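Notes for the structure review
Read off the chains here:
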Amino acid sequence: MLLTIDIGNSNIVFGLPAGEGRACRLYRLGTVPERPVEEYFTLAASLFAREGVELGRVDGAVICSVVPVLVPVLSQVVQRLTGITPYIVTSRSKSGLTLAIPEGDTLGNDILAADAAAAAEYPLPAIIFDMGTATTVTVVDQQRRYIGGAILAGVRLGVQALFSGTAQLPSVSIQAPKQAICGTALESIQSGAVFGAAAMMDGLAERFEAELGKKCTLLATGGLAECIVPHCRREFIYDESLLLRGMELIYKLNCEK
């Protein structure tokens, strides 16, 4: 049983296979870069005990991180929990993708993993929206080449910036109001956040397809994708565990003989 650990800017997501095709069981802790090993170990051990996870069945582990300082911390946590040294995903890991960009070493490990899973499991070309602290939009072409994309501020980050930069606007939860034209400040912000993000996804997908000259499989993953995708006018496939399955794929390509 493979334990996957995705260290993001906002959350650390632990994944274990659920035994139902592509499903994963997901467990989350908040990302705190200055938190010490002992505290992370206590939190993770309590989380798995509460959820009834049998860590003795884990026979492999893989870490993908966009917070480099936490890689050695979570590596030690995994070793203490399972007795296993985890494999660390890097831009040099075998992924099944060709990095057709000028600076392949700068590609985010999370992008590599998610796009590797997209290339392995969906018709190509594919456009992948990963909606976390930042929103990344990436493309894998029909030859399984990663050819680039775009990066935007994440939906929640945009709302937080709006709140912190104004005196009278309230902080709000990310959820869709009943309609796009809203009369209250709170619902107007929600409209801009949710419907604006949906329109951005539709618009960038259209622009990317125009440049490629082909229709693409449209995928969305990440913490905020689930509440945005239903409001898109294009047909997006929401795939919650795309990144973790990509990590599993990379682990198999690099660690299994």
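The present account deals with the structure reproduced in this document. (Residues numbered from 1 in each chain as written. Predicted model: local features only at pLDDT ≥ 70, side-chain atom pairs only at ≥ 80, totals over all residues. Heavy atoms only, no water.)

A closer look at the overall build of the chain
How we decide: For helices the rule is a DSSP run of H or I covering at least 4 residues; for strands it is a run of E covering at least 2, with both sets numbered from the N terminus onward. Computation of the radius of gyration draws on C-alpha atoms alone. For the globule rule, the value is 2.2 Å times the number of residues to the power 0.38. Residue burial is assigned from relative accessible area. The probe radius is 1.4 Å, only protein chains are included, and a residue is buried under 20% of its type maximum, exposed over 50%, and partly exposed in between. Whether two residues touch is decided by their heavy atoms; if any such pair falls within 4.5 Å, the residues are in contact. Values of accessible area rely on a 1.4 Å probe in the Shrake-Rupley scheme; residue burial ignores everything except the protein chains shown.
For the chain, the count of helices and strands is seven helices and 11 strands. The C-alpha radius of gyration computed for the chain amounts to 19 Å, which stays within 12% of the reference 18 Å derived for 257 residues, consistent with globular compactness. By its C-alpha atoms, the chain is 55 × 45 × 35 Å across when sized along the principal axes. Taken over 257 residues, the chain has a buried fraction of 48%. Considering only intrachain contacts with a sequence separation of at least 6, the fraction spanning at least 24 residues in the chain is 56%. Only carbon and sulfur atoms are counted for the fraction: they give 51% of the accessible area of the chain, which is about 12700 Å².

Structural notes on helix H3 (residues 109-121)
Since the α-helix turns once every 3.6 residues, residues separated by three or four places project in the same direction. Applicable threshold: By this rule, a helix spans an expected 1.5 Å times one less than how many residues it contains.
With 13 residues, H3 extends 19 Å from end C-alpha to end C-alpha; this agrees with the ideal 18 Å at 1.5 Å per step. Those residues of H3 that sit buried are Asn109, Asp110, Ile111, Leu112, Ala113, Ala114, Asp115, Ala116, Ala117, Ala118 and Ala119.

Side note on unusual backbone geometry
Here the bond from leucine 124 into proline 125 is cis, since omega is 5 degrees, no more than 30 degrees from zero. Of note in the backbone geometry, arginine 144 takes a positive phi value of approximately 60 degrees without being a glycine. Position of arginine 144 relative to the elements: it lies in the loop between strand S8 (134-140) and strand S9 (145-153).

Focus: the sheet that holds strand S2 (residues 11-17)
The condition that has to hold: Two strands are counted as paired when DSSP detects at least two bridges linking them. Axes here mean lines fitted to C-alpha atoms, for a helix over just the part in contact, with angles spanning 0 to 180 degrees between N-to-C directions.
Read from one edge to the other, the open sheet built from five strands follows the order S3-S2-S1-S4-S5, with strand pairing classed as mixed. Every interior strand has two partners, whereas the edge strands, strand S3 (24-30) and strand S5 (87-88), have only one. The pairing of strand S1 (residues 2-7) with S2 spans four bridges and is antiparallel. Bridging from a neighbouring strand, isoleucine 5 pairs with phenylalanine 14 of S2. Sheet strands touched by helix H1 (residues 37-51): S1, S2 and S3. Its angle to S3, the strand with the most contacts, is close to 145 degrees. Sheet strands in contact with helix H2 (residues 71-82) are S1, S2, strand S4 (60-65) and S5, and its direction is about 155 degrees off that of S1.

A closer look at the side chain of serine 95
Within the secondary structure layout, serine 95 lies in the loop between S5 and strand S6 (98-99). Accessibility expressed as a relative area gives 6% for serine 95, which makes it buried. Setting aside chain neighbours within four positions, we find serine 95 in contact with Leu112, Ala116, Leu249, Ile250 and Leu253.

Describing the packing of aromatic side chains
Where we set the bar: The aromatic pairing rule takes the rings of Phe, Tyr and Trp, using the six-membered ring of Trp, and pairs them if the centres are within 6.5 Å, calling planes under 30 degrees apart stacked, those over 60 edge-to-face and the rest tilted.
Inspection of the entire model under this criterion finds three aromatic pairs. Taken together, a centroid distance of 5.4 Å and an interplanar angle of 80 degrees make the contact between phenylalanine 14 and phenylalanine 48 edge-to-face. Here phenylalanine 14 is found in strand S2, whereas its partner phenylalanine 48 is found in helix H1, with 34 residues between them in sequence. Taken individually, phenylalanine 14 and phenylalanine 48 each receive the classification buried, so the pair is uniform in this respect.

Describing the packing of H3 against helix H7 (residues 242-255)
We count it as follows: Working rule for angles: under 35 degrees goes down as roughly parallel, over 145 as roughly antiparallel, 65 to 115 as roughly perpendicular, anything else as oblique. Polarity classes work like this: nonpolar for Ala, Val, Leu, Ile, Met, Phe, Trp, Tyr, Cys and Pro, charged for Asp, Glu, Lys and Arg, and polar for all others, with Gly in that last group.
Closest axis-to-axis distance for the H3/H7 pair is 7 Å, and the angle between their directions is 85 degrees. Classified by the angle between their axes, H3 and H7 sit roughly perpendicular to one another. On H7, the residues that touch Asp110, Leu112, Ala113, Ala114, Ala116, Ala117, Ala118, Ala120 and Glu121 of H3 are Leu242, Leu243, Arg245, Gly246, Met247, Leu249 and Ile250. A breakdown of the residues in the contact of H3 with H7 according to their chemical character gives 12 nonpolar, one polar and three charged.

Everything listed here is a matter of geometry and, on its own, says nothing about what the molecule does.
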